[in-house]
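Coordinates in review
This is what each chain is made of:
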Amino acid sequence: MSKLLDRSIGAVSVLMQIAFVVVCFSFITPFIYLYNGFTHANIMKMIANNGDFLIVPGHTQVTHSAVAHFPILPYSVLMAIGIFLAILSALFAFSAFIRISHNLGKKQYFVADNLAMLRRIVHAQMIAICSDVFLAIGNQMTQSFLGRVNNGIFNNTWENLLDDAVMLVFIALIYTLFRMAMNIKQENDLTV
């Protein structure tokens, strides 16, 4: 393996480790949503005044009735579950990429550990699809009740669910092809 490729794999591994640590700190976000939901604190101010929530045309003002009837607790629980699952998915994927890049750095290409990590990436994508459902429902609530569309982080909608499902198909295809290649390699190793 060339030195440039070796350094590139090392750089990717370091970046993934940094991203893993940053995502670990994000685990506080679901608890903030749950706290605000159970105490009814700041959720309405966050949605109505936050720059992350765009105004739907025709809904420039939020009525007191809409604010009073907004289901704060279900919204907070849905968002907390969705965010927790999204973070969990990212951690699974980052840990798998770190191990794969470590194995590639050691020139271990077709090993069982890489296959297991590809399987972990498939599972992470399944978890991401589950998180999309919770986040899309929560974000649909802000649009339906308050006329606000989440444009910030965790702004998943129903389109993201389809995108992640297509991504799952591609990742599962890569996993299947890699597994078949490993089987062929093992058969060739046994016949030699």
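What you see as residue numbers is a count from 1 along each chain, following the sequence as written. Per-residue local features are limited, in this predicted model, to residues with pLDDT of at least 70; the limit for side-chain atom pairs, both in listing and counting, is 80 or more; totals at the level of whole chains, interfaces and linings are taken over all residues. In computing side-chain values, all of the structure's heavy atoms are included and hydrogens and water are not.

A look at a nonpolar patch on the surface
Taken together, the side chains of Leu-162, Val-166, Phe-170, Leu-173, Leu-177 and Met-180 define a hydrophobic patch exposed on the protein surface, amounting to about 600 Å² of accessible area. Inspection of the secondary structure assignment puts Leu-173 in helix 7 (residues 158-191). The patches reported here contain residues having more than 30% relative accessible area and no salt bridge. Joining distances are 9 Å for like charges and 5 Å for nonpolar side chains (Val, Leu, Ile, Met, Phe, Trp, Tyr). Note on areas: Shrake-Rupley, 1.4 Å probe, and residue coverage restricted to the protein chains presented here. What counts as a salt bridge is simple: a side-chain nitrogen of Lys or Arg found within 4 Å of a carboxyl oxygen of Asp or Glu. Counting from the N terminus, the helices are DSSP H or I runs at least four residues long and the strands are E runs at least two residues long.

Looking at the packing of helix 1 (residues 3-25) against helix 5 (residues 72-105)
Following both chains from N to C, one finds helix 1 and helix 5 inclined at 155°, their axes separated by 9 Å at the closest point. The orientation of helix 1 with respect to helix 5, classified from their angle, is roughly antiparallel. With respect to the hand of their crossing, helix 1 and helix 5 are arranged in left-handed fashion. Residues Asp-6, Ile-9, Ser-13, Met-16, Gln-17, Ala-19, Phe-20, Val-23 and Cys-24 of helix 1 pack against Ile-87, Ala-90, Leu-91, Phe-94, Ser-95, Phe-97, Ile-98, Ser-101, Leu-104 and Gly-105 of helix 5. The convention used is that axes are lines fitted to C-alpha atoms, helices contributing only their stretch in contact, and that angles between N-to-C directions extend from 0 to 180 degrees. Each angle gets one of four labels, with under 35 degrees taken as roughly parallel, over 145 as roughly antiparallel, 65 to 115 as roughly perpendicular, and the rest as oblique. By convention, the crossing between two helices is left-handed when the near helix turns anticlockwise from the far helix through less than a right angle, and right-handed when the turn is clockwise. Any two residues whose heavy atoms approach within 4.5 Å at even a single point are treated as in contact.

Some remarks on the environment of Leu-88
Positionally, Leu-88 belongs in helix 5. Along the chain, Leu-88 and Phe-25 lie 63 residues apart, while their C-alpha atoms are 12 Å from each other.

Observations regarding the environment of Phe-145
Structurally, Phe-145 is set in helix 6 (residues 112-146). Separated by 78 residues in the primary sequence, Phe-145 and Val-67 have C-alpha atoms spaced 8.0 Å apart. Once residues within four sequence positions are removed from consideration, Phe-145 is found in contact with Ala-66, His-69, Phe-70 and Pro-71.

Quick look at the packing of aromatic side chains
Stacked, tilted and edge-to-face are the three classes applied to pairs of Phe, Tyr and Trp rings, where Trp contributes its six-membered ring and a pair requires centres within 6.5 Å; stacked means planes under 30 degrees apart, edge-to-face means over 60, and tilted covers the rest. In this structure the tally under the stated criterion is five aromatic pairs. When the ring of Phe-70 is compared with that of Phe-145, the centres are 5.8 Å apart and the planes differ by 85°; the resulting orientation is edge-to-face. Of this pair, Phe-70 sits in the loop between helix 4 (64-68) and helix 5 while Phe-145 is found in helix 6, placing the two residues 75 residues apart along the sequence. The buried label goes to any residue with under 20% of its type's maximum accessible area, the exposed label to any with over 50%, and the partly exposed label to all in between, with areas taken from a 1.4 Å probe on protein chains only. Using a relative accessible area of 4% as the deciding quantity, one classes Phe-70 as buried.

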